[in-house]
Amino acid sequence: MYLEAGLLTRRSVRQFQPNKKIPITDIDDVLKIAMYAPSGCNKQPWEFVVVDDEKQISEILKIHPHAQFLQDASAGIVICGDTEKQCGEGFWVVDCSAATQNLLLALHGKGMGGCWCAVYPDKKRMEDFAKLLKLPAHIKPLALVVAGYPSKIPQQPQDRFAKNKIHYNVW
């Protein structure tokens, strides 16, 4: 039942209730869940920048062409990776992706919505986010999660289970 009620019903939300802000305590709650993601060698290289300032949001809208719905959302959460705290070259991407998925599930579980907008691997976009957010050189932006209260719940897709994508022992 939990799978149907939670994991299988999460959708990317792109329509938000304007002017309805997520309380800081709820932001902390969902970020706590994000931080419980698995990570290589348990290095936990994630860092999070919560953006709810209108000026910063307008700058993000100039940088990210696929995040225009941020203007109606409560906040943007930029998931970043610390390249000095990774198990090996490139592990920050995998680890921070797991944290991003946890964040999206946590938002859904609390009755909110979110949409993962890629920053990595677009080098220009990564540079622009790093400059805007004043990130140290060893902190790399991976994703922007637009978060807020949905104004419209996206339609559930057809069953995504595809038995032909499962291979046992060999291809």
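Look up: the structure comes first, before these words.
The shown structure was predicted, so the numbers you read here are calculated from the model rather than taken from an experiment. (Residues numbered from 1 in each chain as written. Predicted model: local features only at pLDDT ≥ 70, side-chain atom pairs only at ≥ 80, totals over all residues. Heavy atoms only, no water.)

We now examine the overall build of the protein chain. When helices and strands are tallied, the protein chain shows five helices and four strands. Reading the protein chain from its N end, one meets helices and strands in the order α-α-β-α-β-α-β-α-β. A compact globule built from 171 residues should have a C-alpha radius of gyration of about 16 Å, and the protein chain, at 17 Å, falls within 12% of that. Oriented by its inertia axes, the alpha-carbon framework of the protein chain measures out at about 50 × 40 × 30 Å. In the protein chain, which comprises 171 residues, the share counted as buried stands at 42%. Taken together, the 21 basic and 18 acidic charged side chains of the protein chain have centroids lying 5 Å from each other. (Helix = DSSP H or I, 4+ residues; strand = E, 2+ residues; numbered from the N terminus. Rg over C-alpha atoms; globule rule 2.2 N^0.38 Å. Buried < 20%, exposed > 50% of the residue type's maximum accessible area, 1.4 Å probe, protein only. Lys, Arg positive; Asp, Glu negative; His and termini not counted. Charge placed at Lys NZ, Arg CZ, Asp CG, Glu CD.)

Read from one edge to the other, the open sheet built from four strands follows the order β1-β2-β4-β3, with strand pairing classed as antiparallel. Every other strand in the sheet has two partners, leaving β1 (46-51) and β3 (113-118) as the edge strands with one partner each. Direction aside, neighbouring strands of the sheet carry axes that sit 25° apart on average. Against the sheet, helix α2 (residues 24-34) engages β1 and β2 (75-82), with an angle of about 160° to β1. Against the sheet, helix α4 (residues 91-109) touches β1, β2, β3 and β4 (139-148), its axis set at about 10° to β4. (Pairing = 2+ DSSP bridges. Axes fitted to C-alpha atoms, helices over the stretch in contact; angles between N-to-C directions. Contact = heavy atoms within 4.5 Å.)

A large share of β4 lies buried, amounting to nine of its ten residues. Across eight bridges, β2 lies against β4 in antiparallel orientation. Within β4, the position partnered with glycine 81 by the bridge is lysine 140. Bridging between β3 and β4 involves six bridges; their strand directions are antiparallel. By the bridge assignment for β4, alanine 118 is matched with alanine 143.

Glancing now at the packing of aromatic side chains. A ring pair, where both rings are aromatic, is described by two values, the distance of the centres and the angle of the planes. Within this structure, the stated rule accounts for two aromatic pairs. Both rings, one in tryptophan 92 and one in tyrosine 120, keep their centres 5.3 Å apart while their planes meet at 80°; by these two values the pair is edge-to-face. Of this pair, tryptophan 92 sits in helix α4 while tyrosine 120 sits in the loop between β3 and α5 (123-133), placing them 28 residues apart in sequence. In this structure, lysine 20 is placed above the aromatic ring of tyrosine 149, and the distance from its NZ or CZ to the ring centre is 4.3 Å. (Phe/Tyr/Trp six-rings, centres within 6.5 Å; stacked < 30°, edge-to-face > 60°. Lys NZ or Arg CZ within 6 Å of the ring centre and 35° of its normal.)

All of the buried residues in α2 are Asp26, Ile27, Val30, Leu31 and Ala34. The buried residues of α2 occupy an angular sector of 135° when projected down its axis, which confines them to one face. With respect to the buried face of α2, the exposed residues turned more than 90 degrees away are Thr25 and Lys32. Buried positions along α2 lie against β1, β2 and α4. (Arc of directions from axis to C-beta.)

Structurally, lysine 124 is set in helix α5. Its relative accessible area of 53% is what places lysine 124 among the exposed residues. The spatial distance from the C-alpha of lysine 124 to the C-alpha of isoleucine 63 is 9.0 Å, given a sequence separation of 61 residues.

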